[in-house]
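One-letter residues, chain by chain:
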Amino acid sequence: MTTAAQVRGALIAMVKTINGSGGYTLDLSGSTYDGMEPLGARPEGQQAYVWRGRAGYARADQATLGGWLVVRQYAVTVYADSSARTNASREGQLDTIEADLLKAVDAALQPAGALGAVNVLDVTDVEIVPRFASQPNAAAQPCAADVLITLQYIRGR
C-alpha cells in the first residue's frame, strides 16, 4: 500500500524532472524540495518547494479490501525568477510554470513515471495560484505560483 511519504518522494522526483531540457523551460532540478521556502529573504533563481496540504480518507470500491482511498492535496511552490520583472514578463513566467508543471504531472502518471511507480491512481485536480506581490518594492519580488495538486491513492489500514 502507498504511504504519504512515498507520494511526497514521488512528487519531489517529478519536480526534479523539470530540468530545462526535454521540452521543459524551467530548471528546478537543483531546488530544495521538501518543505516550505526558507525563512528570511525570498530565494534567488528558479526554485521549487513541495509541501503537504489537506487529506481526506474514504471507504470506496477501490479500497474495500485493502484500506482507505486517500484524496490528498500537495502544493508545489515554484519561483520562476528572472531579471525581467515587468508585468508582461511575469505573465509569461506564469504561463511557463503552468506548462512545465502540467507536462510533468502527465509524465509522472505514466506507469513508469514517478507517481505511477508508487501506485497513485489519479491526479484529479491541478490548480495554479499566482503569488501576487502587492507590498512596497513589489517589482523586486520574483514571479511565483503555488501549484495545488490533488491526487488519489490507496492506503492500507
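Reading the values: rules and limits
Residues numbered from 1 in each chain as written. Predicted model: local features only at pLDDT ≥ 70, side-chain atom pairs only at ≥ 80, totals over all residues. Heavy atoms only, no water. Helix = DSSP H or I, 4+ residues; strand = E, 2+ residues; numbered from the N terminus. Areas by Shrake-Rupley, 256 points an atom, 1.4 Å probe, with all protein chains shown as cover. pLDDT = per-residue confidence, 0-100. Expected span 1.5 Å × (residues − 1). Buried < 20%, exposed > 50% of the residue type's maximum accessible area, 1.4 Å probe, protein only. Phe/Tyr/Trp six-rings, centres within 6.5 Å; stacked < 30°, edge-to-face > 60°. Lys NZ or Arg CZ within 6 Å of the ring centre and 35° of its normal. Polar contact = N/O pair within 3.5 Å; in protein donor to acceptor, adjacent residues only side chain to side chain. Salt bridge = Lys/Arg side-chain N within 4 Å of Asp/Glu carboxyl O. Core = buried A, V, L, I, M, F, W, Y, C linked by side-chain atoms within 4.5 Å. Contact = heavy atoms within 4.5 Å.

Asks: It is not clear to me how the overall build of the protein chain should be interpreted in this structure. Could you clarify?
Replies: Along the protein chain, the regular secondary structure elements total three helices and four strands. Secondary structure of the protein chain in N-to-C order comes out as α-β-β-α-α-β-β. In the form shown here, the protein chain has an accessible surface area of approximately 8,000 Å², with 52% of it arising from carbon and sulfur atoms.

Asks: Sorry, what's going on with the confidence of the model for the protein chain here?
Replies: Should pLDDT be low for a region, the predicted coordinates there are not to be read in detail. Averaged over every residue, the pLDDT of the protein chain is 83; the share at 70 or more is 80%. Mean pLDDT across the elements of the protein chain ranges from a minimum in strand β1 (residues 46-58), with 85, to a maximum in helix α3 (residues 114-117), with 94.

Asks: Would you explain helix α1 (residues 4-16) in this entry?
Replies: One full turn of an α-helix is made of 3.6 residues, so residues set three or four places apart face in the same direction. Counted at 1.5 Å a residue, the expected span for α1 with its 13 residues is 18 Å, and the 18 Å between its end C-alpha atoms agrees. Within α1 the residues assigned to the buried category are A4, V7, A10, L11, I12, M14 and V15.

Asks: Would you mind going over the packing of aromatic side chains with me for this structure?
Replies: The description of an aromatic ring pair rests on the distance of the ring centres and on the angle between the ring planes. As enumerated under the stated definition, the model contains one aromatic pair in all. Aromatic pair Y49 and Y79: ring centres 6.3 Å apart, planes at 85 degrees, arrangement edge-to-face. Placement of Y49 in strand β1 and of Y79 in strand β2 (residues 67-80) is noted, with a sequence separation of 30 residues between them. Judged by its relative accessible area of 4%, Y49 falls in the buried class. Across the ring face of Y24, the terminal group of K103 is positioned such that the distance to the ring centre comes to 5.1 Å.

Asks: So what exactly am I meant to see when it comes to the side chain of T77 here?
Replies: With respect to the helices, strands and loops of the structure, T77 is situated in strand β2. Among the polar contacts made by the side chain of T77, one reaches the side chain of D146 at a distance of 2.6 Å.

Asks: Is there a simple way to explain the pattern of salt bridges in this structure?
Replies: If charged atoms from side chains of opposite charge come close, those side chains can pair. In the structure shown here, the tally under the stated rule is one salt bridge. One salt bridge in this structure joins D146 and R131, with 3.2 Å as the shortest N-O distance. One end of the pair, D146, is in strand β4 (residues 144-156); the other, R131, is in strand β3 (residues 120-131), and 15 residues separate them in sequence. For D146, a relative accessible area of 13% translates into the label buried. Take R131: its relative accessible area is 23%, and that puts it in the partly exposed class.

Asks: Explanation requested: the nonpolar core in the structure shown.
Replies: Considering soluble globular proteins, one finds that nonpolar side chains tend to be buried as a cluster. In this structure, L11, M14, V76, I97, L115, I149 and L151 are the most contacted members of the largest nonpolar core, which totals 34 residues. In terms of residue count, α1 provides more of this core than any other element does, seven residues in total. Those residues in contact with L11, other than ones at most four positions away along the chain, are V50, Y74, L115, I149 and L151.

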